[in-house]
Amino acid sequence: MGEGPIIRPRDLLATWRTLPLEMQNDTQIAVLIIKTFLGIDWINRHLQENTKNPGLLTIGGSLFEANLARVRIIDLAESLFNLCRIRGFRDCVERMKTAANPEPSLAELHIGKMLYANDWPFRFVVPQGKRGDNYDLQINYYNQFVCGDVKCKVEATVPDSRTITNTLKSSRTQLPENKPGIFFVKIPQQWMEHVGWEAETINGAIDFFEQGTGRIVSVAFYAEPISIIAHPSRPGHAMAQQGHHFSEIINPRRRFGKELDWRFFGRWRPTNTNRPNIGSWNAMPPKYIRLFQFPEGLKGHEHE
Amino acid sequence: MSAPLSAGAWEVLRALTLKIRIREFVDGWQAVGPWQEPTTSQLDSGVVRELLDHGFATREDLGIGRYLSITPLGERLLDKKTRDEIQAALQWVKDQ
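Residues numbered from 1 in each chain as written. Chains lettered and ligands numbered in written order. Predicted model: local features only at pLDDT ≥ 70, side-chain atom pairs only at ≥ 80, totals over all residues. Heavy atoms only, no water.

Q: What's the story with the state of the cysteines in this structure? I'm lost.
A: Any covalent bond linking the sulfur atoms of two cysteines counts as a disulfide. Residues and elements named next belong to chain A. Under the definition given, this model contains 0 disulfides over all chains. Here Cys84 stays free of any disulfide, with the sulfur of Cys92 as its closest cysteine sulfur at 12 Å. The cysteine Cys147 is free of any disulfide, with Cys92 supplying the nearest cysteine sulfur at 16 Å. Judged by relative accessible area, Cys147 falls into the buried class, the value being 0%. (Disulfide = S-S within 2.5 Å. Buried < 20%, exposed > 50% of the residue type's maximum accessible area, 1.4 Å probe, protein only.)

Below, the structure is given as structure tokens:
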């Protein structure tokens, strides 16, 4: 499939300037971007309060739920806006458009966002639904092509290593036998409220590896906690945003790249105090344009 | 019930509804929690004062320290703003 629309920062800024003052907010700009990529029907199905099938992005319910949905809407728009030049992006968006539940494609975009932040060349691929050929991403890891599959449906309300092991075990053959493979597993939001959830997930991966798989080189767990970030040098500027937290577990029995550490998310570390440009308000590399408190995040990109 | 809050004050109000804990220390207010990065968690005291002065937030002593919490007035204000903004955005894109 050919590539789709591209939104440039300067186009976005020009549109922003035409908006009435009362509509100049980050929610407005996010909905505009989502419409460009996913269309008004998709917005009606997934964002509207009165939709038949409310989901992660529906503005409704309690104040907590409505605000969480707002954060997710802006986060989705950011991902679409920043990743629209990545190969295979259009396919990913098409899947999101047609799926009853947008969560799997949303998860793919989130992993894409972190690969992009960490400067890994990658592309979205169309899962073929066949044994050994049913994955979402292809990543160039030091000139080796790695096949990545994103799991966002771990069915358990409390942290449970057996659920993790079983999910990985049943999905193993989705990835090819003759290439390195990686699973990206999204941890359910409610797991993070339990003490020891991280150890439980790691044990799930270790138990999976002990069953003998060689094609899977690592499992990366990720969670999406919300935090508030204050601008370190601009008093009064703060934003509540969805972050990404990763744990990467390497398979000691891996068949590929025994000399490599197979970690993907350590290149960009916003909390690494040894890198003075980090710890920033953005919490992402400067190339990733934030939409929260628009147009604050566009500074330095106005002419692109 | 409109209030001329700064962008930072709105974000703090939103953070409170998203279960982020904001604690008062001797040198000011700070967001605390496992996901908070200490170097960027210190909040501007003027922003918090805005919320306290308008009655949209209050100090609450939880026995383990004093924390900021949203008041019913603050909840109503933010609820209206959140829903109004998204409805206005949805209407606008439909009209285009």
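Q: Would you explain the environment of Lys287 of chain A in this entry?
A: All names here are of chain A. With respect to the helices, strands and loops of the structure, Lys287 is situated in the segment after β8 (245–250). Classification of Lys287 as partly exposed rests on a relative accessible area of 31%. Those residues in contact with Lys287 that sit more than four places away from it in its chain are Asn82, Tyr116, Ala117, Asp119 and His301. (Helix = DSSP H or I, 4+ residues; strand = E, 2+ residues; numbered from the N terminus. Contact = heavy atoms within 4.5 Å.)

Q: Would you take a moment to explain the side chain of Gln36 of chain B for this structure?
A: The topology assignment puts Gln36 of chain B in the loop between β2 (28–32) and β3 (42–43). Here Ile228 of chain A takes part through its backbone oxygen, which lies 2.7 Å from a polar atom of the side chain of Gln36 of chain B. Polar contacts involving the side chain of Gln36 of chain B include one to the side chain of Ser41 of chain B, which spans 2.9 Å. Other than its neighbours up to four places away in sequence, Gln36 of chain B contacts Ser227 and Ile228 of chain A together with Ile20, Ala31 and Ser41 of chain B. (Polar contact = N/O pair within 3.5 Å; in protein donor to acceptor, adjacent residues only side chain to side chain.)

Q: What's the story with the nonpolar core in this structure? I'm lost.
A: For soluble globular proteins, the rule of thumb is that nonpolar side chains tend to be buried together. Residue and element names in this part refer to chain A. Core analysis: the biggest nonpolar cluster contains 107 residues, and Leu76, Leu80 and Phe264 have the highest contact counts within it. Tallying contributions element by element places helix α4 (residues 63–83) first for this core, with 12 residues. Apart from the residues lying within four places of it in its own chain, the contact partners of Phe264 are Leu115, Asn118, Trp120, Ile139, Tyr141, Val146, Ile182, Ser218 and Glu248. (Core = buried A, V, L, I, M, F, W, Y, C linked by side-chain atoms within 4.5 Å.)

Q: Is there a simple way to explain the confidence of the model for chain B in this structure?
A: Predicted coordinates in areas of low pLDDT are best not read in detail. The predicted model of chain B averages 89 in pLDDT, with 97% of residues at 70 or higher. For this predicted complex, the interface confidence reaches an ipTM of 0.88, while the overall pTM sits at 0.90. (pLDDT = per-residue confidence, 0-100.)

Q: I tried to follow the packing of helix α2 (residues 26–38) of chain A against α4 of chain A on my own but got confused; where do I start?
A: Pairs of packed helices are described in terms of their axes, by the angle between the two and the distance that separates them. All names here are of chain A. Closest axis-to-axis distance for the α2/α4 pair is 8 Å, and the angle between their directions is 50°. In terms of orientation, α2 lies oblique with respect to α4. Along this stretch, α2 crosses α4, giving a crossing that reads as left-handed. Where α2 approaches α4, its residues Asp26, Thr27, Ala30, Ile33, Ile34, Phe37 and Leu38 are matched on the opposing element by Arg70, Ile73, Ile74, Leu76, Ala77, Leu80 and Phe81. (Axes fitted to C-alpha atoms, helices over the stretch in contact; angles between N-to-C directions. Parallel < 35°, antiparallel > 145°, perpendicular 65-115°, else oblique. Left-handed = near helix turned anticlockwise from the far one by under 90°.)

Q: Would you take a moment to explain the interface of chain A and chain B for this structure?
A: It is common to give the size of an interface as the accessible area lost on bringing the parts into contact. Taken together, the 45 residues of chain A in the interface contact 35 residues of chain B. Here chain A and chain B share an interface that buries about 3500 Å² over both sides, 67% of which is from carbon and sulfur atoms. Arg83 of chain B is paired through a salt bridge with Glu49 of chain A; the nearest N and O atoms lie 3.1 Å apart. Where chain A packs against chain B, one counts 10 residue pairs in polar contact (both at pLDDT 80 or more). Within the residue set of the side of chain A that touches chain B, elements represented by two or more residues are α2, α3 (40–46), α4, β6 (226–230) and β7 (238–242) of chain A. In terms of residue count, α4 of chain A provides more of the side of chain A that touches chain B than any other element does, 8 residues in total. Of the residues assigned to the side of chain A that touches chain B, the class counts are 25 nonpolar, 17 polar and 3 charged. (Buried area = accessible area lost by both parts, 1.4 Å probe. Salt bridge = Lys/Arg side-chain N within 4 Å of Asp/Glu carboxyl O. Nonpolar A, V, L, I, M, F, W, Y, C, P; charged D, E, K, R; others polar.)

Q: Looking at this structure, how should I read the sheet that holds strand β3 (residues 144–151) of chain A?
A: Adjacent strands of a sheet pair through backbone hydrogen bonds, lying either parallel or antiparallel. All names here are of chain A. Read across the open sheet, the 6 strands follow the order β1-β2-β3-β4-β5-β8; overall the sheet is mixed. Strands at the two margins of the open sheet, each flanked by one partner only, are β1 (122–124) and β8. Within the sheet, the average angular offset between the axes of one strand and its neighbour, ignoring direction, is 20°. Running at roughly 140° to strand β4 (residues 181–186), helix α7 (residues 161–171) makes contact with β3, β4 and β5 (216–223) of the sheet. (Pairing = 2+ DSSP bridges.)

Q: Any chance you could explain the pattern of salt bridges here in plain terms?
A: Evaluation of the coordinates by the stated rule reveals 21 salt bridges over all chains. A salt bridge links Asp79 of chain B to Arg83 of chain B; its shortest N-O distance comes to 2.9 Å. Of this pair, Asp79 of chain B and Arg83 of chain B are both found in helix α3 (residues 72–95), 4 residues apart, which corresponds to roughly one turn of the helix. For Lys80 of chain B, the salt bridge is made with Asp84 of chain B, and the minimal N-O distance between the two is 2.6 Å. With Lys80 of chain B and Asp84 of chain B both in helix α3 and 4 residues apart, the pair spans about one turn of that helix. For Lys80 of chain B, a relative accessible area of 48% gives the class partly exposed. Note on Asp84 of chain B: relative accessible area 40%, which makes it partly exposed. A network of salt bridges, in which partner residues are shared, links Asp26 and Arg70 of chain A together with Glu11, Arg14, Lys81 and Glu85 of chain B.

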